[in-house]
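A structural walkthrough
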Amino acid sequence: MRASAVQDGLTMRIIAGTHSVLLGFDLEETRRTGCLGFSLQRTDLGTQTDPLPAQQQRSRWIPNRLRFPKDPVSGDYKLDTSYHSPIQKFRWGDWTVHPGQCYRYQVTARYGTWDHLTDGPSVQLEVNTEDTKSPLNSVFFNRAAAASEAYNQKFGEADPDSLPEDKRQEAYAWLSNGLEEAILAFLGQAHDSSYTLHAVIYEFQKPNLLNALKAAMDRGVKVQVVYHGRHANSKDTTWSKNAAALQAAGLKAVCIPRQASPQSAICHDKFVVLLKNDVPQAVWTGSTNWTDGAIYGQLNVGHAVYDAETTSRYEQYFKLLSTDPQASPLKHDLAKMAPPPASLPTGPGIWPIFSPQPNANMLDLYASLCKQAHHLMVCAPFELAQQIQHALENPPADVLHFLLLDKQSSLGTTNEVKLISGEAQNEVSIATTLSSPLHDFQNHLLEGKESFHHAGVHIHAKIIAVNLLSDDPIIVTGSANYSNGSTLHNDENSLILRGNSAAADIYATEFMRMFEHYYFRALSAHKDTHPAAHQKSTSQVGTHISSDGKMGLNETDQWSLKDYASGSPRAISRQLFAGTLQKD
């Protein structure tokens, strides 16, 4: 859901997903002078069908971990509130909301001095978060590694496996953030013998998910699974872990190993097709493997699509893979069954694309979409294809790119990294890990239970999102890594969705949740190890650095000066998130 309002020169726009809300502010330039930031208050209102009585509505000031340098407790990084420590940014995220709830937000521009703040213009809005029960909103992100501070506040600085059993299960559910539960719920829709579940899963190892398939079989549901069974080399034991897990779950009779050469190729899909009386009903896809590391560790997304034509395409793809075909005939069949469009048709639609492809037309399409973007959000675990790298170079002055990467190498060679990250219009956020029991737990999952491809990979979602904040959003999601290998060699699927604003709001808010978390982590990590980079990054977001190197708030209105430099990336960002940007 989206909502916006203007009052006395102050604009607020809210984009509400399921578990995250993104807020954008804009202040008329004549009111910038003397403004020390924004105070933000949230009131929980219940649901549309069951609103809370006024006396039960809970209001609180949104926290801000930064303080003014002269604040007597500025050395303590426990969270303060934005009432005493105003937000000195023009976008903010509230990552603590729940699906299907109503919230009221009030933003107030603050003036005066750091120790005597006064109120300026104020705007109030009510929004409803998206309800995951709606077929249009069946998008689920886990919390991933960037949620460690919130985890510590809720469970203490403890490895989840060291907690008492009830707390351990609560911690697992909190880290899953509805992702694991959504997979189970999707499988649970197959009630009886009239239903069929067809799945293709790369890492097929999580016992409770495999047990859910066995339970479906016990209900009479027809189940078939294709899993990665190739033997690339002695280090890749994914096939043997899969075989052991499905044997333990009693699924061997309904599982088909994907073994046809080339052995270096990966059966990398993670999708499930739901049919009733052999009629396609829905498909579950995304980046999530069926392992503990995928659910509780690295960033992943799951997306259920309730569209008969799309589901039918996935069912055709499943039938092809279930015969364990060689690469050449498979490429021929896929190019005929679901060829990538040369350009994306206008208007709402869904386009599934499957790999391996006989050529790189799929990558050319993605690069074209990137070049067309007014604002672009890319989430990449591994190195992007050169077509996409080049599309990120030298963006027009009025275009913004937000790049969420597992490692800098996602942008290619050292020279390519310098070229892309050196552009002011490219904001880059790298998965920076901080030492904590939660990180040790997640690293143990990724390096011990995951395949060797995923050791140390904390960003695993694969997303290209074009103009998500506009009325014509485009989302590319699925299992494919937007690389030559995933396009030309592996079994993969990508889903392109255009015009689905509800899904776009979820992707936008969850993407920015991770982007902001990792960006702030990088600032903290660079403070001591890369002071020059730290100074540059903090200046880009207006953060004040004291003489002793601590981050804090600026005591003057200079924090926002660069946000009003005409045509600058910061000025465009201010207007983009607030919805005040005028586009030709």
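Bear in mind the structure is a predicted one, so any value in this text is a computation, not a measurement.

**Things to note about the confidence of the model for the chain**
Averaged over all residues, the pLDDT of the chain equals 91, while 92% of them reach at least 70. Counting interchain partners and residues more than four positions distant, the pLDDT-below-50 stretch residues 529–541 has 23 contacts.

**Structural notes on the packing of aromatic side chains**
Inspection of the entire model under this criterion finds 26 aromatic pairs. Relative to Trp-559, the ring of Phe-90 lies with its centre 5.3 Å away and its plane at 25°, an arrangement referred to as stacked. With Phe-90 in the loop between strand S7 (80–81) and strand S8 (91–94) and Trp-559 in the loop between strand S26 (551–552) and helix H16 (569–578), the pair connects residues that are 469 residues apart, well separated along the chain. The pair Phe-90 / Trp-559 is uniform in exposure class, with both members buried. Here the aromatic rings of Tyr-103 and Tyr-105 are separated by 6.5 Å at their centres, their planes lie at 40°, and the arrangement is tilted. Judged on exposure class, the residue Tyr-103 and its partner Tyr-105 are both buried. Through a chain of ring-to-ring contacts, the aromatic side chains of Phe-25, Phe-38, Phe-90, Trp-559 and Tyr-564 assemble into a single cluster. When the ring centre of Trp-174 is taken as reference, the NZ or CZ atom of Arg-143 above it lies at 4.0 Å. Lying across the ring of Tyr-564, Arg-574 places its NZ or CZ 3.9 Å from the centre.

**Some words on the sheet that holds strand S3 (residues 21–27)**
The four strands lie next to each other as S1-S2-S3-S8, forming an open sheet whose pairing is antiparallel. Each edge of the sheet is formed by a strand with only one pairing partner; in this case those strands are strand S1 (2–7) and S8. Each strand axis lies, on average, 15° off the axis of its neighbour in the sheet, ignoring direction. Direction of pairing for S1 relative to strand S2 (residues 10–16): antiparallel, over a ladder of six bridges. From the neighbouring strand, Ala-5 faces S2, where its bridge partner is Met-12. Running at roughly 120° to S3, H16 makes contact with S2, S3 and S8 of the sheet.

**Here's the deal with helix H1 (residues 148–155)**
Along H1, the positions that sit buried rather than exposed are Ser-148, Tyr-151 and Phe-155. The arc that holds every buried residue of H1, seen down its axis, measures 55°, which confines them to one face. At the C-terminal side of H1, Gly-156 shows a positive phi close to 80°.

**Details of the pattern of salt bridges**
In this structure the tally under the stated criterion is 27 salt bridges. Arg-2 is paired through a salt bridge with Asp-505; the nearest N and O atoms lie 2.7 Å apart. Here Asp-505 lies in helix H14 (residues 501–529) and Arg-2 lies in strand S1, a separation of 503 residues in the sequence. For Asp-505, a relative accessible area of 2% translates into the label buried. Between Lys-70 and Glu-555 there is a salt bridge, with the nearest N and O atoms lying 3.8 Å from each other. Remark: Glu-555 occurs in the loop between S26 and H16 and Lys-70 occurs in the loop between strand S6 (63–64) and S7; sequence separation between them is 485 residues. Salt bridges sharing partners connect three or more residues here, namely Arg-42, Asp-44, Arg-58 and Asp-94.

**Some words on the sheet that holds strand S9 (residues 102–113)**
What the four strands build is an open sheet, ordered S5-S4-S9-S10; its pairing is antiparallel. Of all the strands in the sheet, the pair left with one neighbour each is strand S5 (58–61) and strand S10 (116–128). On average, adjacent strands in this sheet sit at an angle of 20° to one another, irrespective of strand direction. Across 11 bridges, the pairing between S9 and S10 is antiparallel. What sits directly across from Arg-104, in S10, is Glu-126.

**So, the packing of helix H7 (residues 308–321) against helix H8 (residues 327–337)**
Where H7 meets H8, the axes come as close as 11 Å, and the angle between the chain directions of the two elements is 170°. Relative to H8, H7 is oriented roughly antiparallel. Here Arg-313, Gln-316, Tyr-317, Leu-320 and Leu-321 of H7 come into contact with H8, specifically with Leu-330, Asp-333, Leu-334 and Met-337. Residues of the contact of H7 with H8, tallied by class, amount to six nonpolar, one polar and two charged.

**Side note on the packing of H1 against helix H2 (residues 165–176)**
Where H1 meets H2, the axes come as close as 12 Å, and the angle between the chain directions of the two elements is 155°. Judged by the inter-axis angle, H1 sits roughly antiparallel to H2. Two packed elements cross with a definite hand, and for H1 against H2 that hand is right-handed. Residues Ala-150, Tyr-151, Lys-154 and Phe-155 of H1 form the contact with H2, whose own contacting residues are Lys-167, Glu-170, Ala-171, Trp-174 and Leu-175. Across the contact of H1 with H2, the residue classes tally to six nonpolar, no polar and three charged.

**Remarks on the environment of Met-514**
Inspection of the secondary structure assignment puts Met-514 in helix H14. Separated by 230 residues in the primary sequence, Met-514 and Trp-284 have C-alpha atoms spaced 23 Å apart.

**Describing the pairing of strand S19 (residues 375–380)**
The buried fraction of S19 is high, at six of six residues. Of the two faces of S19, the one holding His-375, Met-377 and Cys-379 and the one holding Leu-376, Val-378 and Ala-380 are both buried throughout. Judged from the six bridges that link them, S19 and strand S20 (residues 400–405) form a sheet pairing that is parallel. In the strand pairing of S20, Ala-380 is matched with Leu-405. What joins S19 to S20 is helix H10 (residues 386–391), and the crossover it makes is right-handed.

**What to know about the nonpolar core**
Residues Leu-299 and Leu-404 are the most contacted members of the largest nonpolar core, which totals 55 residues. It is H14 that provides the largest number of residues to this core, a total of 11 residues. Each residue touching Leu-404, except ones within four places of it in the same chain, is listed here: Leu-299, Val-378, Cys-379, Ala-380, Ser-429, Ile-459, Phe-511, Met-514, Phe-515 and Tyr-518. Counting residues in hydrophobic clusters, the runner-up holds 47 residues, among them Ile-183, Leu-187, Tyr-195 and Ala-249.

**What to know about helix H3 (residues 179–188)**
Among the residues of H3, those classed as buried are Leu-179, Glu-180, Ala-182, Ile-183, Phe-186 and Leu-187. Summarising the axial view, the buried residues of H3 lie within an arc of 160°, below the 170-degree limit, and thus occupy one face.

**Observations regarding the environment of Val-301**
Locating Val-301 in the fold gives a position in strand S17 (residues 301–305). For Val-301, a relative accessible area of 1% corresponds to the buried category. Put simply, Val-301 and Tyr-507 are 206 residues apart on the chain and 9.2 Å apart in space, counted from C-alpha to C-alpha. Beyond its immediate sequence surroundings of up to four residues, Val-301 is in contact with Val-139, Phe-140, Phe-141, Leu-179, Thr-285, Gly-286, Ser-287, Thr-288, Ala-461, Thr-477 and Tyr-507.

Rules and cut-offs
- Residues numbered from 1 in each chain as written.
- Predicted model: local features only at pLDDT ≥ 70, side-chain atom pairs only at ≥ 80, totals over all residues.
- Heavy atoms only, no water.
- pLDDT = per-residue confidence, 0-100.
- Contact = heavy atoms within 4.5 Å.
- Phe/Tyr/Trp six-rings, centres within 6.5 Å; stacked < 30°, edge-to-face > 60°.
- Helix = DSSP H or I, 4+ residues; strand = E, 2+ residues; numbered from the N terminus.
- Buried < 20%, exposed > 50% of the residue type's maximum accessible area, 1.4 Å probe, protein only.
- Lys NZ or Arg CZ within 6 Å of the ring centre and 35° of its normal.
- Pairing = 2+ DSSP bridges.
- Axes fitted to C-alpha atoms, helices over the stretch in contact; angles between N-to-C directions.
- Arc of directions from axis to C-beta.
- Salt bridge = Lys/Arg side-chain N within 4 Å of Asp/Glu carboxyl O.
- Parallel < 35°, antiparallel > 145°, perpendicular 65-115°, else oblique.
- Nonpolar A, V, L, I, M, F, W, Y, C, P; charged D, E, K, R; others polar.
- Left-handed = near helix turned anticlockwise from the far one by under 90°.
- Right-handed = clockwise from strand over helix to strand, strands pointing away.
- Core = buried A, V, L, I, M, F, W, Y, C linked by side-chain atoms within 4.5 Å.

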